[in-house]
Amino acid sequence: MYNGCLKNGVFPEIWKKAKILPITKPDTQNSQNVTKYRPISLLNIGGKILEKALINRINHHIHSTEYLKRNHYGFIPQTSTKCNNDSKRIRTGRI
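1. Overview of the layout of surface pockets
Where empty space is left becomes clear once a probe the size of a water molecule has been rolled over the atoms. One number sums up the size of the largest pocket: a volume of about 150 Å³. In this structure, the largest pocket is lined by 10 residues; those nearest its centre are His63, Leu68, Lys69, Arg70 and Ile76. Residue composition of the lining of the largest pocket, by class: four nonpolar, three polar and three charged.

2. Focus: the pattern of salt bridges
The final tally for this structure, using the stated rule, is one salt bridge. The salt bridge involving Glu13 is made with Lys16; its shortest N-O contact spans 3.3 Å. On the basis of relative accessible area, Glu13 is assigned to the exposed category, the value being 53%. On the basis of relative accessibility, which here comes to 48%, the residue Lys16 falls in the partly exposed class.

Conventions adopted
Residues numbered from 1 in each chain as written. Predicted model: local features only at pLDDT ≥ 70, side-chain atom pairs only at ≥ 80, totals over all residues. Heavy atoms only, no water. 1 Å grid on protein atoms, 1.4 Å probe; cavity = no way out; pocket = protein on both sides within 12 Å on 5 of 7 lines; lining within 4 Å. Points joined across faces, edges and corners; volume = space filled by probe spheres on them. Nonpolar A, V, L, I, M, F, W, Y, C, P; charged D, E, K, R; others polar. Salt bridge = Lys/Arg side-chain N within 4 Å of Asp/Glu carboxyl O. Buried < 20%, exposed > 50% of the residue type's maximum accessible area, 1.4 Å probe, protein only.

What follows is the structure, encoded as structure tokens:
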């Protein structure tokens, strides 16, 4: 089913729907004020699985083809821009 969704570029409508629950913010359990609540969206597990499969495929493609430069640190798991700044300081001798 998931391969068919990816092959055809289809995301089933049922997976796009969320159940929204109002959850009270800390220390405001008995409040009737709407601003004391935050919305929590419960999503369909099928959509979450498809999303994770798609993310894994994209990440595999990016890393296996070396699409990104070696000094690219933003939005990559287990890295940060701080890593990039530290390596520059070490190379230039400015720590």
